Amino acid sequence: MTVLDFSVLSIGAEPFSVTPNLIARLRIAETTGTAVHALALRCQIRIEPRRRRYTAAEESGLLDLFGPRERWGTTLSTFPWLHTTAMVPGFTGECVTELVMPCTYDFEVAASKYLHALDEGTVPLGFLFSGTIFTKGTNGFGVEQIPWDREAQFDMPVEVWRDVLRRNFPSSGWVRLDHDTIAALARFKAARGLLGLDEAVTELLDGAGEVTT
């Protein structure tokens, strides 16, 4: 029986990507000496917020996700970030491969809310692996499933997340709004002779006493 062990070596921003992607370098070790002809790998990546501490400023940013700190004993729980797949070529012993981690700036997504709330330190990640192992069987290829308990952890620096945003959203971002809200903003902008929706939102914030920087 094939036995695979997984470990995450590093995570960094993909330098030449049209969409925001991170790249995880993954070491896969087969510990019984069996030759792996190919590996159809699936991975669920989760955020494990209990594995780090939070500043007062970060606590404020996490209020929408987890509530006030006194409730964190029940609300601060692991949640999924993304799913990804990879086809790994054949190897014997161990190999290093890459996992593409597609990211989003959408503030409606829980993982994005969490990541944007962090000022420093690391993002505690858990990798849960599954998929199909192809080996040489007695009558051609043998097929095995990756056991459900194959996993790894990695603490990704917050700066890595900021780097991928800077590469893809320099000095800007986006939020999803209802069509009626966009139409109302457009009317507000036109009535005041403003240049764009950003200026309209800034004026509304200023009127509410919120300082934009």
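Heads up: these notes are all about the structure in this document. (Residues numbered from 1 in each chain as written. Predicted model: local features only at pLDDT ≥ 70, side-chain atom pairs only at ≥ 80, totals over all residues. Heavy atoms only, no water.)

Here we look at the packing of helix H6 (residues 179-191) against helix H7 (residues 197-207)
Describing two packed helices takes the angle between their axes plus the distance from one axis to the other.
Part 1: Contact geometry for H6 and H7: axes closest at 9 Å, N-to-C directions at 85°. The angle between H6 and H7 falls in the class roughly perpendicular. Taken together, the residues of H7 that come into contact with H6 (itself represented by Leu-185, Ala-186, Phe-188 and Lys-189) are Leu-197, Ala-200, Val-201, Glu-203 and Leu-204.
Part 2: Taken together, the residues of the contact of H6 with H7 break down into seven nonpolar, no polar and two charged. (Axes fitted to C-alpha atoms, helices over the stretch in contact; angles between N-to-C directions. Helix = DSSP H or I, 4+ residues; strand = E, 2+ residues; numbered from the N terminus. Parallel < 35°, antiparallel > 145°, perpendicular 65-115°, else oblique. Contact = heavy atoms within 4.5 Å. Nonpolar A, V, L, I, M, F, W, Y, C, P; charged D, E, K, R; others polar.)

A few points about the environment of Pro-49
Part 1: When you line up the elements, Pro-49 lands in the loop between strand E3 (36-47) and helix H1 (56-61).
Part 2: Contact partners of Pro-49, with chain neighbours within four places excluded, come to Tyr-54, Phe-66, Leu-76, Ser-77, Thr-78, Phe-79, Tyr-114 and Pro-124.

Section: the packing of aromatic side chains
Part 1: Using the criterion set out here, one finds nine aromatic pairs in the structure.
Part 2: With a centroid separation of 6.3 Å and an interplanar angle of 80°, the aromatic rings of Tyr-54 and Tyr-114 are classed as edge-to-face. Note that Tyr-54 is positioned in the loop between E3 and H1 and Tyr-114 in helix H4 (residues 110-117), a separation of 60 residues in sequence.
Part 3: Its relative accessible area of 0% is what places Tyr-114 among the buried residues.
Part 4: Note on Phe-66 and Tyr-114: the rings are 6.4 Å apart at their centroids and 75° apart in plane angle, and the pair reads as edge-to-face. (Phe/Tyr/Trp six-rings, centres within 6.5 Å; stacked < 30°, edge-to-face > 60°. Buried < 20%, exposed > 50% of the residue type's maximum accessible area, 1.4 Å probe, protein only.)

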